[in-house]
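# Examination of the molecular architecture
Chain residues, written in single-letter form:
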Amino acid sequence: ELRFGSMTGARKGADLQRDPRFALHGPTFHPEEGKEGEWPGEAKIAGRAVPAGAVTADEGEEQGEAFVADITEVVVTGLDPDATKLVIESWTPERGLRTIERA
């Protein structure tokens, strides 16, 4: 279960209440030439943010709102062990896991 929050009055929470779609990306950068095998790859997770109630401080004061991710897609992009092919692994609830390799 993926959970995340938004502080009270923050734009993120208001945006997710208006349109619950989200995409969370890992760092994006290109492999360094000559060191392609060291590239860690990239990742993305997407879905809908489902409100999960208020977040409170120890004193009971409301500090924000929590969301649970209804995950609709996961994509991990990397290289094969020889660093000669791009490997894209993607998952959706409807299709399941699919792996594509590109030279």
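Throughout what follows, the structure given in this document is the object of discussion. Since we're looking at a predicted model, the values are computed, not measured.

## Some points on the environment of Asp70
- Note on placement: Asp70 falls in strand E4 (residues 62–79).
- Separated by 68 residues in sequence, Asp70 and Leu2 have C-alpha atoms that sit 8.3 Å apart.
- Not counting chain neighbours up to four residues away, the residues in contact with Asp70 comprise Ala46, Gly47, Arg48 and Val50.

## Description of the nonpolar core
- Leu16, Phe22, Ala49, Phe67 and Ala69 together form the largest nonpolar core, which totals 5 residues.
- Among residues more than four places away in sequence, those in contact with Leu16 are Phe4, Arg21, Phe22, Ala49 and Phe67.

## A few points about the packing of aromatic side chains
- A full pass over the atoms with the stated rule returns 2 aromatic pairs.
- When the ring of Phe4 is compared with that of Phe67, the centres are 5.9 Å apart and the planes differ by 20 degrees; the resulting orientation is stacked. You can see Phe4 sitting in strand E1 (residues 3–7) and its partner Phe67 sitting in strand E4, a full 63 residues away along the chain.
- With relative accessibility at 1%, the residue Phe67 sits in the buried group.
- Site record: aromatic cluster; members linked through ring pairs are Phe4, Phe22 and Phe67.

## Looking at the environment of Arg102
- With respect to the element layout, Arg102 can be found in strand E6 (residues 96–102).
- Ignoring sequence-local partners within four residues, the contact set of Arg102 consists of Lys85, Leu86 and Ile88.

## Quick look at the pairing of E4
- Sheet analysis places E1 next to E4, joined by 5 bridges and oriented antiparallel. Looking at E4, one finds that Arg3 is bridged to Val68.
- In this structure, strand E3 (residues 42–56) lies alongside E4, joined through 13 bridges in antiparallel fashion. Across the sheet, residue Gly47 finds its bridge partner in E4, namely Ile71.

## Quick look at the pattern of salt bridges
- For the coordinates displayed, the defined rule picks out 6 salt bridges.
- Among the ionic pairs, Arg3 bridges to Glu1, the shortest N-O distance being 2.8 Å.
- The exposed category is assigned to Glu1, whose relative accessible area is 79%.
- With a closest N to O distance of 3.7 Å, Asp15 and Arg18 form a salt bridge. Here Asp15 pairs with Arg18, and both are found in helix H1 (residues 11–18), just 3 residues apart, close to one helical turn.
- Shared partners join several salt bridges into a network, and the residues in it are Arg11, Asp15 and Arg18.

Quick notes on the rules
Residues numbered from 1 in each chain as written. Predicted model: local features only at pLDDT ≥ 70, side-chain atom pairs only at ≥ 80, totals over all residues. Heavy atoms only, no water. Helix = DSSP H or I, 4+ residues; strand = E, 2+ residues; numbered from the N terminus. Contact = heavy atoms within 4.5 Å. Core = buried A, V, L, I, M, F, W, Y, C linked by side-chain atoms within 4.5 Å. Buried < 20%, exposed > 50% of the residue type's maximum accessible area, 1.4 Å probe, protein only. Phe/Tyr/Trp six-rings, centres within 6.5 Å; stacked < 30°, edge-to-face > 60°. Pairing = 2+ DSSP bridges. Salt bridge = Lys/Arg side-chain N within 4 Å of Asp/Glu carboxyl O.

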